[in-house]
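Residues per chain are reported as follows:
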Amino acid sequence: MLRFYLGKTLQLIGFTSVSIGLIIGVGNHTSLASPVGPMSPERAMWIELFCFLAGMAVFAIGRFVERRA
């Protein structure tokens, strides 16, 4: 039962990380106030890419742990 909740928590963290990357990317490219303030398009792209890849990795680990439960 603990593995199930651990897997679901990791999935939530991964989904949140992908969402934060999306908010930063869209917020910066549409001239809206992004959560971290205005930045260069290159920096925003790297932060968005990192959040996406890290979020997908954490989500995949969560799916793996959940299936083992």
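Scroll up for the structure.
Okay, so let's go over this structure. (Residues numbered from 1 in each chain as written. Predicted model: local features only at pLDDT ≥ 70, side-chain atom pairs only at ≥ 80, totals over all residues. Heavy atoms only, no water.)

**Thoughts on the overall build of the protein chain**
Formally: Counting from the N terminus, the helices are DSSP H or I runs at least four residues long and the strands are E runs at least two residues long. Exposure is judged per residue with a 1.4 Å probe applied to protein chains only, and the accessible area is read against the type maximum: over 50% gives exposed, under 20% gives buried, and values in between give partly exposed. In these tables, accessible area is a Shrake-Rupley quantity obtained with a 1.4 Å probe, and a residue counts as shielded only by the protein chains included in the view.
The number of helices and strands found in the protein chain is two helices and zero strands. For the protein chain, buried positions account for 26% of its 69 residues. Surface exposure of the protein chain reaches about 5100 Å², of which carbon and sulfur atoms provide 74%.

**Notes on helix H2 (residues 41–68)**
Selection rule: Each helix should span, by expectation, one fewer than its residue count multiplied by 1.5 Å.
Taking 1.5 Å of rise per residue, 28 residues should cover 40 Å, and H2 covers 41 Å from first to last C-alpha, within 8% of that figure. Considered for burial, the residues of H2 that qualify are Ala44, Cys51, Gly55, Gly62, Val65 and Glu66.

**Let's talk about the pattern of salt bridges**
This is how the line gets drawn: Salt bridge, as applied in this entry: a Lys or Arg side-chain nitrogen positioned within 4 Å of an Asp or Glu carboxyl oxygen.
Taken as a whole, this structure holds one salt bridge when the rule is applied. In this structure, lysine 8 engages glutamate 66 in a salt bridge whose closest nitrogen and oxygen atoms are separated by 3.2 Å. Taken together, the residues span a long stretch of sequence, with lysine 8 in helix H1 (residues 2–29) and glutamate 66 in helix H2 at a distance of 58 residues. Take lysine 8: its relative accessible area is 37%, and that puts it in the partly exposed class.

**Focus: the side chain of glutamate 66**
Formally: We call two residues in contact whenever any of their non-hydrogen atoms come within 4.5 Å of each other.
Residue classification places glutamate 66 among the buried positions, given a relative accessible area of 18%. Setting aside its immediate chain neighbours within four residues, glutamate 66 contacts Phe4, Gly7, Lys8 and Gln11.

**Quick word on a nonpolar patch on the surface**
To keep it simple, the criterion reads: Patch members must show over 30% relative accessible area and no salt bridge, and they are joined within 9 Å when carrying like charges or within 5 Å when they are nonpolar side chains of Val, Leu, Ile, Met, Phe, Trp or Tyr.
Where nonpolar side chains cluster on the molecular surface, the patch consists of Met45, Trp46, Leu49, Phe52, Leu53 and Met56 and spans about 630 Å² of accessible area. On the secondary structure map, leucine 53 appears in helix H2.

**Observations concerning the packing of H1 against H2**
The test is simple: A fitted line through C-alpha atoms represents every axis, and for helices the fit uses only the stretch in contact; the resulting angles, taken between N-to-C directions, go from 0 to 180 degrees. Note on angle classes: values under 35 degrees are labelled roughly parallel, values over 145 roughly antiparallel, values of 65 to 115 roughly perpendicular, and the remainder oblique. In this scheme the crossing of two helices becomes right-handed for a clockwise turn of the near helix relative to the far one and left-handed for an anticlockwise turn of less than a right angle.
Across the interface, H1 lies against H2 with an axial gap of 7 Å and an inter-helix angle of 165 degrees. Viewed along their axes, H1 and H2 adopt a mutual orientation that is roughly antiparallel. Crossing hand, H1 versus H2: left-handed.

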